[in-house]
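For reference, the chains in residue letters:
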Amino acid sequence: MAVSTIYRLAEQALSLIEGGDLKAGSSISLAEIKIAIGQVLNTLLKTEYFTTNLKMGEVIPNGSVIGLYEGIEVVSSNGKSQATLPIKPIKLPRNMGVWAVYPKYTTSSNYEYDKEFIPLQMGQGGMIKSQPLFNDLLGQVGYENFGDKLIFTKDIKQMYPDVVLAMRLAIMDISQYGDFDALPILPEMEMQVITEVVKLYSSQPTANKIVDATSAENTGVPLNQQKQSS
């Protein structure tokens, strides 16, 4: 599948709005559509700006935001569970690019945004396991980030077969992405973005349309009521 970029999504959306090939005389510019793409993406990802200051001189890059990704699958692996990050988050100190992870344990329940899993630094899982007083994290579930994988301290998939995750991940503000930069979205979100943008412009008249009084469907119809054709 082709990489999702603002330019490609905008081109596809404008083509649908225009009803086919892009027209030089269109009343809607590609630049307008690209702005709308960014607005829709921010809405879908529920982006939020960081509201925390890091200690020890650590800096969060300007223009960084947190995006929300839901419906992430969990699989059992070596007596534990693991999940794959849906996108590559910004690299931040102490793995803060993976800002928070939340469970949805059954298909009929909601995401538990007030019960996030405990983030552990790489290697802390083994260290905690060796400590009798803390090896169960006081009944909580933790996770470590290894590359594009999250490894959990328990097999939550075995405990809750229908579990899926929601993740808040650090990304750049959509306005910071160039026309041809890969966007931090899932493949299945592409059509949702395009559809929402098309809806924004669906009430606008299509450019380069003329009334053809000779067409069969317009015969005998008053001029102001005739259908338009390309």
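Calculation criteria
Residues numbered from 1 in each chain as written. Predicted model: local features only at pLDDT ≥ 70, side-chain atom pairs only at ≥ 80, totals over all residues. Heavy atoms only, no water. Pairing = 2+ DSSP bridges. Helix = DSSP H or I, 4+ residues; strand = E, 2+ residues; numbered from the N terminus. Axes fitted to C-alpha atoms, helices over the stretch in contact; angles between N-to-C directions. Buried < 20%, exposed > 50% of the residue type's maximum accessible area, 1.4 Å probe, protein only. Phe/Tyr/Trp six-rings, centres within 6.5 Å; stacked < 30°, edge-to-face > 60°. Contact = heavy atoms within 4.5 Å. Core = buried A, V, L, I, M, F, W, Y, C linked by side-chain atoms within 4.5 Å. Salt bridge = Lys/Arg side-chain N within 4 Å of Asp/Glu carboxyl O.

J.: Sorry if this is basic, but what is going on with the sheet that holds strand S8 (residues 149-152) here?
T.: Strand pairing in a sheet relies on backbone hydrogen bonds, with the paired strands running either antiparallel or parallel. The strand order across the open sheet formed by five strands is S3-S4-S8-S7-S6, and the pairing between neighbours is mixed. Strand pairing shows two members of the sheet lacking a second neighbour, strand S3 (75-77) and strand S6 (118-120), which therefore form its edges. The sheet shows a mean angle of 35 degrees between the axes of neighbouring strands, taken without regard to direction. As judged from the four bridges shared by strand S7 (residues 142-146) and S8, these two strands associate in the antiparallel manner. Following the sheet pairing, Glu144 is matched in S8 by Ile151.

J.: Mind showing me how you'd approach the sheet that holds strand S2 (residues 64-73) here?
T.: The four strands are arranged S1-S2-S9-S5 in an open sheet whose pairing can be described as antiparallel. A single partner strand is all that each edge strand has here, and the edge strands are strand S1 (48-49) and strand S5 (98-104). Relative to strand S9 (residues 164-172), S5 is paired through six bridges, and the arrangement is antiparallel. Within S9, the position partnered with Val101 by the bridge is Met167.

J.: Got a minute to help me understand the pairing of S9 in this structure?
T.: Side chains on a regular strand alternate between the two faces of the sheet. Here S9 lies mainly inside the structure; eight of its nine residues are buried. Here S2 pairs with S9 via eight bridges, running antiparallel. Across the sheet, the residue bridging to Tyr69 is Met167, located in S9.

J.: Just to check I follow, could you spell out the packing of aromatic side chains for this structure?
T.: Pairs of aromatic rings are described using the distance from one ring centre to the other and the angle between the two planes. Enumeration over the complete set of coordinates arrives at six aromatic pairs. Taken together, a centroid distance of 4.2 Å and an interplanar angle of 40 degrees make the contact between Tyr105 and Tyr160 tilted. Taken together, the positions of Tyr105 in the loop between S5 and S6 and Tyr160 in the loop between helix H4 (156-159) and S9 put the pair 55 residues apart, joining distant regions of the chain. Taking the centre distance of 5.2 Å and the plane angle of 70 degrees together, the rings of Phe117 and Phe152 count as edge-to-face. Here the residue Phe117 occupies a position in the loop between S5 and S6, and Phe152 occupies one in strand S8, the gap between them amounting to 35 residues. Pairwise contacts between aromatic rings join Tyr102, Tyr111 and Tyr113 into one cluster.

J.: Any chance you could explain the environment of Leu44 here in plain terms?
T.: Within the secondary structure, Leu44 is located in helix H2 (residues 30-44). The sequence separation of Leu44 and Glu196 amounts to 152 residues, and the corresponding C-alpha distance is 9.9 Å. Leu44 has contacts with Leu68, Met189, Gln192 and Val193, leaving out every residue within four places of it along the chain.

J.: It is not clear to me how the nonpolar core should be interpreted in this structure. Could you clarify?
T.: Looking at soluble globular proteins, one finds that nonpolar side chains tend to be buried together. Counting 44 residues, the largest nonpolar core has Ile33, Ile37, Val101, Phe117, Phe152, Leu165 and Met167 as the members making the most contacts within it. For this core, the secondary-structure elements that each account for two or more residues are helix H1 (6-18), H2, S2, S5, S8, S9 and helix H5 (189-201). Ranked by residue count, the leading element in this core is H1, at six residues. Excluding residues that lie within four positions of it along the chain, Phe117 makes contacts with Val101, Tyr102, Pro103, Tyr105, Val141, Tyr143, Phe152, Ile156 and Leu165. By size, the runner-up hydrophobic cluster in this structure holds six residues, among which are Leu68, Ala100, Tyr102 and Val164.

J.: It is not clear to me how the pattern of salt bridges should be interpreted in this structure. Could you clarify?
T.: Once the charged atoms of two side chains with opposite charge are near each other, the side chains can pair. In total, this model carries five salt bridges according to the counting rule given. Linking Glu48 and Arg168 is a salt bridge whose minimum nitrogen-to-oxygen distance equals 3.3 Å. Linking Glu48 in strand S1 with Arg168 in strand S9, this pair joins segments that are 120 residues apart in sequence. Overall, the relative accessible area of 39% leaves Glu48 in the partly exposed class. The residue Glu196 makes a salt bridge to Lys199 at a minimum N-O spacing of 3.6 Å. Residue Glu196 and its partner Lys199 are located together in helix H5, separated by three residues, close to a single helical turn. Judged by relative accessible area, Glu196 falls into the partly exposed class, the value being 30%.

J.: What is the right way to look at unusual backbone geometry in this model?
T.: Keep in mind that most residues, glycine aside, have a negative phi and that most peptide bonds are trans. Even without being a glycine, Lys46 presents a positive backbone phi close to 50 degrees. Its location among the elements puts Lys46 in the loop between H2 and S1.

By themselves these figures say nothing about function.
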